[in-house]
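Single-letter residue listing:
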Amino acid sequence: MGSEVRTERVLKGIAASPGVAWGKVHLFLPQEIEIPDTPVAAEESSAEIERFEESLMVTRQQVVKLQHEVAQRLGEDEARIFDAHLLVLEDRALIEETVREIQNTGRNVAFSFNRVVQRYIDAFANIDDEYLRERSNDIRDVSRRMLHNLMGKAHYGLGRLAEERVIVARDISPSDTANIEKGKVLAFITDAGSKTSHAVIMARSIQVPAVVGMRNCTRLLRPGDQVLVDGYDGLVVVNPGEETLFRYGKFQEEKRSLEKKILAQIGRSTTTRDGISLDLMANIEGPSEVDRLHRFGAEGVGLFRTEYLFMNAAEFPSEDEQFDAYRKVAEAIAPAPVTIRTLDLGGDKFPNSAYRADSETNPFLGLRAIRFCLEDTALFKTQLRAILRSSVYGNVRLMYPMISGAGELDRANGLLRDAMRELDGEGVDYDKAIRVGAMIEIPSAALTADILARKCDFFSIGSNDLIQYLLAIDRVNERIAHLYEPTHPAVLRMIGSVIEAGHRHNIRVSLCGEIAGDPVLVPLFVGLGIDELSISVSGLPAIKYLLRNLNHADMKELTGEVLELEDPKEIFARAESFYQKHLSHLIA
Ligand code: PEP
Ligand code: MG
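These numbers were taken from a predicted model, which means no experiment stands behind them.

Asks: Looking at this structure, how should I read the site of ligand 1?
Replies: Near ligand 1 there are 15 residues, and of these Arg-305, Arg-341, Gly-462, Asn-464 and Arg-475 occur at the shortest range. One of the side-chain N or O atoms of Glu-441 is found 3.0 Å from an oxygen atom in ligand 1. Contact between ligand 1 and Arg-475: an oxygen atom at 2.8 Å from a side-chain N or O atom of the residue. Elements with a minimum of two residues in the shell around ligand 1: strand S10 (301-305) and helix H20 (463-471). Per-element tally for the shell around ligand 1: the top contributor is H20, with 3 residues.

Asks: Just to check I follow, could you spell out the environment of Met-399 for this structure?
Replies: Inspection of the secondary structure assignment puts Met-399 in strand S12 (residues 395-400). Its relative accessible area of 0% is what places Met-399 among the buried residues. C-alpha separation for the pair Met-399 and Phe-113, spaced 286 residues apart in sequence, amounts to 46 Å. With near-sequence residues (within four places) excluded, Met-399 lies in contact with Gly-302, Leu-303, Thr-339, Ile-340, Arg-341, Thr-342, Gly-437, Met-439, Phe-458 and Ser-460.

Asks: Sorry if this is basic, but what is going on with the layout of surface pockets here?
Replies: Empty space among the atoms becomes visible once a probe the size of a water molecule is rolled across them. Considering only enclosed or pocket space, the second largest pocket measures out at about 500 Å³ in volume. Taken together, the elements giving at least two residues each to the lining of the second largest pocket come down to helix H6 (109-125), helix H7 (130-150), helix H8 (174-177) and helix H9 (198-205). At 9 residues, H7 tops the list of elements feeding residues into the lining of the second largest pocket. Classifying every residue of the lining of the second largest pocket gives 11 nonpolar, 8 polar and 10 charged. Split by domain, the residues of the lining of the second largest pocket number at least three in each of domain 1 (9-30 + 157-241) and domain 2 (42-150).

Asks: Explanation requested: the coordination of the magnesium ion (ligand 2) in the structure shown.
Replies: Each donor-metal-donor angle in an ideal tetrahedron of four donors is 109.5 degrees, and each such angle in an ideal octahedron of six donors is either 90 or 180 degrees. Coordination of the magnesium ion (ligand 2) by the protein involves Glu-441 (OE) and Asp-465 (OD), with metal-donor separations of 2.0 to 2.2 Å. Here Glu-441, found in the loop between strand S13 (435-440) and helix H18 (443-447), pairs with Asp-465, found in helix H20; they are 24 residues apart in sequence, far enough to count as distant. Glu-441 gets classed as buried once you look at its relative accessible area, which sits at 2%. Residue Asp-465 is classed as buried on the basis of its relative accessible area, which comes to 2%.

Asks: It is not clear to me how the packing of H6 against H7 should be interpreted in this structure. Could you clarify?
Replies: The angle between the axes and the distance between the axes are what describe a pair of packed helices. It is the contact of H6 with H7, at a shortest axis distance of 8 Å, that shows an interaxial angle of 170°. For the element pair H6 / H7, the angle class is roughly antiparallel. Residues Val-109, Ala-110, Phe-113, Asn-114, Val-117, Tyr-120, Ile-121, Phe-124 and Ala-125 of H6 form the contact with H7, whose participating residues are Leu-132, Arg-133, Arg-135, Ser-136, Ile-139, Arg-140, Ser-143, Met-146, Leu-147 and Leu-150.

Asks: What's the story with the nonpolar core in this structure? I'm lost.
Replies: A general feature of soluble globular proteins is that nonpolar side chains tend to end up buried together. Among the nonpolar cores identified, the biggest contains 107 residues, and Tyr-400, Phe-459, Ile-461, Phe-525 and Ile-530 are the most heavily contacted of them. With sequence-adjacent residues up to four places away left out, Phe-459 is seen in contact with Ala-438, Ile-440, Ala-449, Leu-452, Ala-453, Val-498, Gly-502, Ile-507, Arg-508, Val-509 and Ser-510. Among the nonpolar cores identified, the runner-up in size contains 30 residues, and Ile-49, Val-63, Val-70 and Ala-79 belong to it.

Asks: Teacher, can you tell me more about the packing of aromatic side chains here?
Replies: Centre distance and the angle of the planes are the two values used to describe a pair of aromatic rings. Within the structure shown, the criterion is met by 7 aromatic pairs. Seen in terms of ring centroids, Phe-323 and Tyr-393 are 5.8 Å apart; in terms of plane orientation they differ by 65°. Their pairing is edge-to-face. On the criterion of sequence distance, the pair formed by Phe-323 in helix H14 (residues 319-333) and Tyr-393 in the loop between helix H16 (377-390) and S12 is long-range, its members being 70 residues apart. Judged by its relative accessible area of 9%, Phe-323 falls in the buried class. Its relative accessible area of 32% is what places Tyr-393 among the partly exposed residues. Members of the aromatic cluster, joined through ring pairs, are Tyr-232, Tyr-248 and Phe-251. Its end group placed over the ring of Phe-296, Arg-292 keeps NZ or CZ at 5.2 Å from the ring centre.

Asks: Before we go on, may I ask you to explain the pattern of salt bridges in this structure?
Replies: According to the stated counting rule, one finds 29 salt bridges in the structure shown. Between Arg-60 and Glu-90 there is a salt bridge; the shortest N-O distance is 2.4 Å. Placement of Arg-60 in helix H2 (residues 45-73) and of Glu-90 in the loop between helix H4 (83-89) and helix H5 (92-105) is noted, with a sequence separation of 30 residues between them. With a closest N to O distance of 2.9 Å, Glu-485 and Lys-569 form a salt bridge. Separated by 84 residues along the polypeptide, Glu-485 in the loop between H20 and helix H21 (489-504) and Lys-569 in helix H25 (residues 568-587) bring together distant segments of the chain. The structure contains a network of salt bridges with shared partners spanning Glu-319, Asp-320, Lys-381, Arg-385, Arg-389, Glu-422 and Glu-426.

Asks: Sorry, what's going on with the sheet that holds strand S9 (residues 279-284) here?
Replies: Adjacent strands of a sheet pair through backbone hydrogen bonds, lying either parallel or antiparallel. The 8 strands are arranged S9-S10-S11-S12-S13-S14-S15-S16 in a closed barrel whose pairing can be described as parallel. Between one strand axis and the next, the sheet turns through 25° on average, direction left out of account. As paired strands, S10 and strand S11 (residues 337-341) are joined by 3 bridges and run parallel to one another. In the sheet register, Arg-305 faces S11, and the bridge partner there is Arg-341. The sheet strands contacting H14 are S9, S10, S11 and S12, and the helix crosses S11 at an angle near 155°. Strands in contact with helix H17 (residues 406-426) are S12 and S13; relative to S12, the strand with the most contacts, it is inclined by about 140°.

Asks: Honestly, unusual backbone geometry in this entry has me stumped. Any pointers?
Replies: With the exception of glycine, the majority of residues adopt a negative phi angle, and the majority of peptide bonds are in the trans configuration. Of note, the bond from Ala-334 into Pro-335 is cis; its omega dihedral lies within 30 degrees of zero at 5°. Residue position: Pro-335 is located in the loop between H14 and S11. Even without being glycine, Asn-239 reaches a positive phi, approximately 50°. On the basis of relative accessibility, which here comes to 14%, the residue Asn-239 falls in the buried class.

Asks: What is the right way to read the packing of helix H11 (residues 242-264) against helix H23 (residues 540-548) from this model?
Replies: Interhelical geometry of H11 versus H23 gives an angle of 85° and a closest axis separation of 9 Å. With respect to each other, H11 and H23 are oriented roughly perpendicular. When H11 is examined against H23, the residues Leu-258, Lys-261 and Ile-262 are found in contact with a partner set consisting of Pro-541, Ala-542 and Tyr-545.

Calculation criteria
- Residues numbered from 1 in each chain as written.
- Chains lettered and ligands numbered in written order.
- Predicted model: local features only at pLDDT ≥ 70, side-chain atom pairs only at ≥ 80, totals over all residues.
- Heavy atoms only, no water.
- Near = heavy atom within 4 Å.
- Polar contact = N/O pair within 3.5 Å; in protein donor to acceptor, adjacent residues only side chain to side chain.
- Helix = DSSP H or I, 4+ residues; strand = E, 2+ residues; numbered from the N terminus.
- Buried < 20%, exposed > 50% of the residue type's maximum accessible area, 1.4 Å probe, protein only.
- Contact = heavy atoms within 4.5 Å.
- 1 Å grid on protein atoms, 1.4 Å probe; cavity = no way out; pocket = protein on both sides within 12 Å on 5 of 7 lines; lining within 4 Å.
- Points joined across faces, edges and corners; volume = space filled by probe spheres on them.
- Nonpolar A, V, L, I, M, F, W, Y, C, P; charged D, E, K, R; others polar.
- Domains from an automatic or database assignment.
- Donors = N, O, S within 2.8 Å, 3.2 Å for Na, K, Ca; no water.
- Axes fitted to C-alpha atoms, helices over the stretch in contact; angles between N-to-C directions.
- Parallel < 35°, antiparallel > 145°, perpendicular 65-115°, else oblique.
- Core = buried A, V, L, I, M, F, W, Y, C linked by side-chain atoms within 4.5 Å.
- Phe/Tyr/Trp six-rings, centres within 6.5 Å; stacked < 30°, edge-to-face > 60°.
- Lys NZ or Arg CZ within 6 Å of the ring centre and 35° of its normal.
- Salt bridge = Lys/Arg side-chain N within 4 Å of Asp/Glu carboxyl O.
- Pairing = 2+ DSSP bridges.

Shown next, in the form of structure tokens:
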């Protein structure tokens, strides 16, 4: 037994949060709660319903308090995770179904609520989409809290750890992790989970490595076992030997030295070694992210995804509410620009309101983004007015998503002019020379970029969608994720041709899809002549460092070579070896 325990063993899971850590295991196995099943006489059912409503209120207060604490300790973004919990507690259908269940079956409230909520959990757990499937965990998490309250029991999370530990659990919910002390948790390992579970998002934000989807780690590992967690490759090394610790130690050292160099350059310009400057901008989803923009060296906001202001709201935000959000961002980043994208609802982004277009068979090809706005012109105009009003508080640019051709751009611009005329009539000030851009994310727009360039002031290539529509690969279907190839020659040619058309008409071209933040691919886009990259805030320092240490001419040469190739994998391999060659020199 003794020698078996000390043998080094490598277990494989899903890499969910990057980093390496090692230490002793803390097994976290919260008890399943036993739910009593007792009959309730008809005359007592209203008292039972009252108890249900009281518990909803108490649970709500607890979640709001927790959310507040998380906002203070971890940040606003992390706290937003609990919005999903509050939505469950306010869900009219769930509340009414529970009340009916109590009345119709004559069972106690905890039993009835559990029955109803299980139906919801099962429905979400069986959805094909990973993100939505993960939301069943939010419902499970908040319903556990509710059941504890109904039964007068305390809800235990991870709480305080006496010493630094690697947490091993079947699954971890945001409620479990809400009270943890930042320094005490070395890493997370879970049997269940996926990259999009909220606890994982939280782990990433507090920079704790995590490996999930291990299936049986809670059975294989015991409290006190030594483990090394490699959150880059999704590996857990049990009882790591000296050689393994040395290897990872060296790797950590290299990483730390690189990180130091990266951080030292945050405030500098994004200029290549041979003197070509680019704009390195941030993608954001709301005003809560503005604090991070300066800390991470953003040179502006290249994409403000405004639909997130609409998604969790019971009602669409009013003109004034939108104005406040846009103004906050504009003021915070001024004089640098903020590029406010008009609503991109539809596809996989639906608001929690009557606007949900769930009758569509192909929502990504449906009533999405600018199409939706051109149907609901009152809603669109409200947004345009709010953006225009915010434009006097900073350097605001406006951009339309999903433009498919000149007609749509003309109509959108027509409505923008109407909004301007209205404001003129009301004596409200706005930037008369506001720059207006089109997102190029549909092949028809890319192929008519020369026409569109005459009708707008800049382009922003939305490669997430451009690749999906060009290669016919549903961007959220994990079964074909391997076919989603940014290095497909068609993708590179199309991006290249849009840049060329933009430059021919003297307008700047930005790239704002996920690939713009991939350090292996970035040299290809710079080589194609991109003027601006817009990426997630946390990715900014590394990309800036990379570009400051590369020659524009080398990247151009690389791009020239790969454009001759036919195989996406070979193109990727070339880009990767270019990156490796330069990165190893950067670490040294
Ligand atoms: C894109 O499509 O690349 C893009 C940036 O927009 P979104 O991901 O919001 O669709
Ligand atoms: Mg898009």
